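Descriptive analysis of the structure
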Amino acid sequence: MRLADFTLERFFARWEFAAELLLCASDVEGWPLRELLELADDDGRRRWNELRLGYTESSGDPALRAEIASLYERVQADDVLVFAGAEEAIFALHNVLLGPGDHSVIVRPAYQSLAEVARAAGADVARVELREANGWRLDASELGAALRPNTHLILVNEPHNPTGALSDRATFDRLAELAAESGARLIVDEAYRFLEFDEADRLPACADALETGVSIGLMSKSFALAGLRIGWIATRDRELLARLAAFKDYTTICNSAPSEVLALIALRARDRVLARNRAIVGANLPLLDAFFGRWAGVFEWVRPRGGSVGFPRLAADVPIDRFADDLVRETGVLLLPGTVFADTANHFRIGFGRANLPVALERLEAYADRTLR
Ligand SMILES: Cc1ncc(COP(=O)(O)O)c(C=O)c1O
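Criteria and cut-off values
- Sequence order as written defines residue numbering, which begins from 1 separately in each chain.
- Residue-level local features of this predicted model are given only where pLDDT is at least 70; pairs of side-chain atoms are given and counted only at 80 or more, and the full residue set underlies all totals for whole chains, interfaces and linings.
- Processing note: side-chain calculations cover all non-hydrogen atoms of the structure and skip hydrogens and water entirely.
- Side-chain atoms within 4.5 Å link the members of a nonpolar core, which is a set of buried Ala, Val, Leu, Ile, Met, Phe, Trp, Tyr and Cys residues.
- For every residue, the accessible area obtained with a 1.4 Å probe (protein chains only) is divided by the maximum for its type, and the residue is called buried under 20%, exposed over 50%, and partly exposed between those limits.
- Put simply, DSSP marks the helices as runs of H or I at least four residues long and the strands as runs of E at least two long, and each gets a number from the N terminus on.
- Should any heavy atoms of two residues lie within 4.5 Å, those residues are considered in contact.
- By definition, two strands form a pair when at least two bridges between them are found by DSSP.
- Axis lines are fitted through C-alpha atoms, for helices just across the contact stretch, and the angle between N-to-C directions can take any value from 0 to 180 degrees.
- A molecule or strand has a residue near it when one of that residue's heavy atoms lies within 4 Å.
- Polar contacts here mean pairs of N or O atoms no more than 3.5 Å apart (in protein, one a potential hydrogen donor and the other a potential acceptor; neighbouring residues in sequence count only if both atoms are side-chain atoms).
- Accessible surface is estimated by sampling points in the Shrake-Rupley manner with a 1.4 Å probe; for residues, cover comes only from the protein chains shown.
- Pairing of aromatic side chains requires ring centres within 6.5 Å, counting the rings of Phe and Tyr and the six-membered ring of Trp. Pairs whose planes differ by under 30 degrees are stacked, by over 60 edge-to-face, and all others tilted.
- Placement of a positive charge over a ring is assigned whenever Lys NZ or Arg CZ falls within 6 Å of the ring centre and within 35 degrees of the normal to the ring plane.
- In this scheme, roughly parallel covers angles under 35 degrees and roughly antiparallel covers those over 145, while 65 to 115 is roughly perpendicular and the rest are oblique.
- Left-handed describes a crossing in which the near helix is turned anticlockwise from the far one by less than a right angle; the clockwise case is right-handed.
- Each residue is assigned to one of three groups, with Ala, Val, Leu, Ile, Met, Phe, Trp, Tyr, Cys and Pro labelled nonpolar, Asp, Glu, Lys and Arg labelled charged, and all others, Gly among them, labelled polar.
- Salt bridge, as used here: a side-chain nitrogen of Lys or Arg that lies within 4 Å of a carboxyl oxygen of Asp or Glu.
- Orienting the strands away from the viewer, one traces the path from the first strand over the helix to the second; a clockwise path indicates a right-handed crossover.

This part is about the nonpolar core. Grouped together as the largest cluster of nonpolar side chains are 137 residues, with contacts concentrated most on Leu143, Leu244, Phe299 and Phe323. For this core, the leading source of residues is helix H12 (residues 270-294), giving eight residues. Look past the residues within four positions of Phe323 in its chain and what remains in contact with it is Phe299, Leu314, Val318, Leu335, Leu364, Tyr367, Thr371 and Leu372.

Here is the structure:
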């Protein structure tokens, strides 16, 4: 298997820990370990204190799988397989489901591995474009037109990285219908589920909506625990889960023991975990609204509907790669040029999950005042 470089991850390898302020991170401010442990119930605290650092159950700790299952309506613990982050889950899924001659339909832009692993597995990957002019909304009829008799899977990401778009219920229902009619499997990367700005906009989980549907879940974004490296696949298709479990024997075998306990503690305290994370995003969004209001015509943006990222456009006559490079070198503020998503229209990703966004935004504005006015 020959994988192309993961452009975004290579960019972050260069800058994530070198830049002073990340104004483009896709996750929410990571939880301090001490504060997370304070949320533990008696059982969680006992598990943490008495933890033995041996191998763990390869499919995931049973209590953790049960807790993950409780995020869904029709999913049981045995419908869940825990991975070392969603990234491993995506790698396993595409390897197990796709091979030469198979067709898959995936939105663009997208987190690169969602399409790249499919391509490297030999599949023919069709992309359905999300467009700024359409508010980055997924057009189900365009997706339907991309389907072929050999389409094995349809993959979308709701809420979406990098645009923050979130389909409405009618679009999601249409996607589910298209999958059911065509026999293609619907996979939804639900990295930002539970971080919808209006809870009424939350879509059904794919694993609940369709018997063969696959939900990709993770601790990194909405739960703000990227350092745990815990993600999962939830699906009621047990045959698929068995194949994924067999594949995982060749990647990580089993998950990190401390991470499983910490994920369990966080999910049991999910109301408090999510409330804190939503509060950070909720405090940052109005600052971005005001910023983009002041800079209309220079920066254009479609306000996200969920998650902690958006995809504005630099409308000034400066290439975004150069702007972002000069910005980070002069001010220490990192933006993510859209070119890492193969975007050619001068977009960039902005992240609003970090507590230091006010300072980063202030520096961006001062820099914009100097260079773009
Ligand atoms: C949409 C999406 N899916 C999956 C991942 C991978 O997440 P994890 O940290 O669980 O590997 C990311 C990380 O940025 C992402 O944005």
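Time to look at the sheet that holds strand S2 (residues 80-83). Across the sheet, seven strands lie side by side as S2-S8-S7-S6-S5-S3-S4; this open sheet has mixed pairing. Each end of this open sheet is capped by a strand with a single partner; those strands are S2 and strand S4 (124-129). Mean inter-strand twist for the sheet, computed between neighbouring axes without regard to direction, equals 20°. In this sheet, strand S5 (residues 151-157) lies alongside strand S3 (residues 103-108) in parallel orientation, the contact comprising four bridges. Its bridge partner being in S5, Ser104 is matched across the sheet by Leu153.

Ala86, Asn161, Asp189, Ser220 and Lys221 are the nearest of the 13 residues found near the ligand. Between Ala86 and the ligand, the recorded distance is 2.7 Å, taken from a backbone N or O atom to an oxygen atom. At 2.7 Å, a side-chain N or O of Ser220 approaches an oxygen atom of the ligand. Against a free-state accessible area of 390 Å², the protein chains account for coverage of 95% of the ligand.

In this section: the packing of aromatic side chains. The tally for this structure, following the rule as stated, stands at 16 aromatic pairs. Residues Phe291 and Trp295 carry aromatic rings whose centres are separated by 6.2 Å and whose planes lie at 25° to one another, so their mutual orientation is stacked. Pair check on accessibility: Phe291 and Trp295 agree, each one buried. Sitting over the ring of Phe194, Arg193 keeps its end group 5.1 Å from the ring centre. Lying across the ring of Phe83, Lys248 places its NZ or CZ 5.8 Å from the centre.

With that out of the way, let us pick up the pairing of strand S6 (residues 185-189). Judged by how many residues are buried, S6 sits mostly within the fold: five of five residues are covered. Where burial is concerned, the two faces of S6 agree: the one with Arg185, Ile187 and Asp189 and the one with Leu186 and Val188 are both buried. The pairing of S5 with S6 spans five bridges and is classified as parallel. Residue pairing for S6: Val156 is matched across the bridge by Val188. In the sheet, S6 pairs with strand S7 (residues 214-218) via three bridges, with the strands oriented parallel. When the sheet's bridge partners are listed, Ile187 is paired in S7 with Val214.

Next up on the list: the packing of helix H13 (residues 320-331) against helix H14 (residues 357-372). At their nearest, the axes of H13 and H14 sit 11 Å apart, and the two run at 120° to each other. Taken together, the axes of H13 and H14 are oblique relative to one another. For the element pair H13 and H14, the recorded crossing hand is right-handed. Where H13 abuts H14, its residues Phe323, Asp326, Leu327, Glu330 and Thr331 lie against Arg363, Leu364, Tyr367, Arg370, Thr371 and Leu372. By residue class, the composition of the contact of H13 with H14 is five nonpolar, two polar and four charged.

Turning next to the pattern of salt bridges. This structure, assessed with the given rule, holds 32 salt bridges. In this structure, Glu50 engages Arg46 in a salt bridge whose closest nitrogen and oxygen atoms are separated by 3.7 Å. Under the relative-accessibility criterion, Arg46 is labelled partly exposed at 41%. In this structure, Arg47 engages Asp61 in a salt bridge whose closest nitrogen and oxygen atoms are separated by 3.8 Å. In this pair, Arg47 is assigned in helix H3 (residues 42-49) and Asp61 in the loop between H3 and helix H4 (62-69), connecting sequence segments 14 residues apart. One continuous salt-bridge network, built from bridges that share partners, spans Asp41, Asp43, Arg46, Arg47, Glu50, Asp61, Glu67, Arg268 and Arg270.

The N-to-C vectors of H12 and H14 enclose an angle of 10°; their axes lie 10 Å apart at closest approach. One element, H12, and the other, H14, form an angle in the roughly parallel class. Between H12 and H14, the contacting residues are Asn284, Leu287, Leu288, Phe291 and Arg294 on the first element and Leu357, Pro358, Leu361, Leu364 and Glu365 on the second. Considered class by class, the residues forming the contact of H12 with H14 number seven nonpolar, one polar and two charged.

Here we come to the pairing of S4. The sheet contact formed by S3 and S4 spans six bridges and is parallel. Looking at the pairing, His103 lines up with Asp124 of S4. Handedness of the β-α-β unit built from S3, helix H6 (residues 113-120) and S4 comes out right-handed.

With that settled, the discussion passes to the side chain of Glu365. By secondary structure assignment, the location of Glu365 is in helix H14. Overall, the relative accessible area of 15% leaves Glu365 in the buried class. Excluding residues within four positions of it along the chain, Glu365 makes contact with Phe291, Arg294 and Trp295.

Once that is clear, we can look at the side chain of Asn284. Turning to its location among the elements, Asn284 is positioned in helix H12. Polar side-chain contacts of Asn284 include one of 3.0 Å to the backbone oxygen of Arg354. Contacts of Asn284, omitting those with residues within four sequence positions, involve Phe352, Gly353, Arg354, Leu357 and Pro358.

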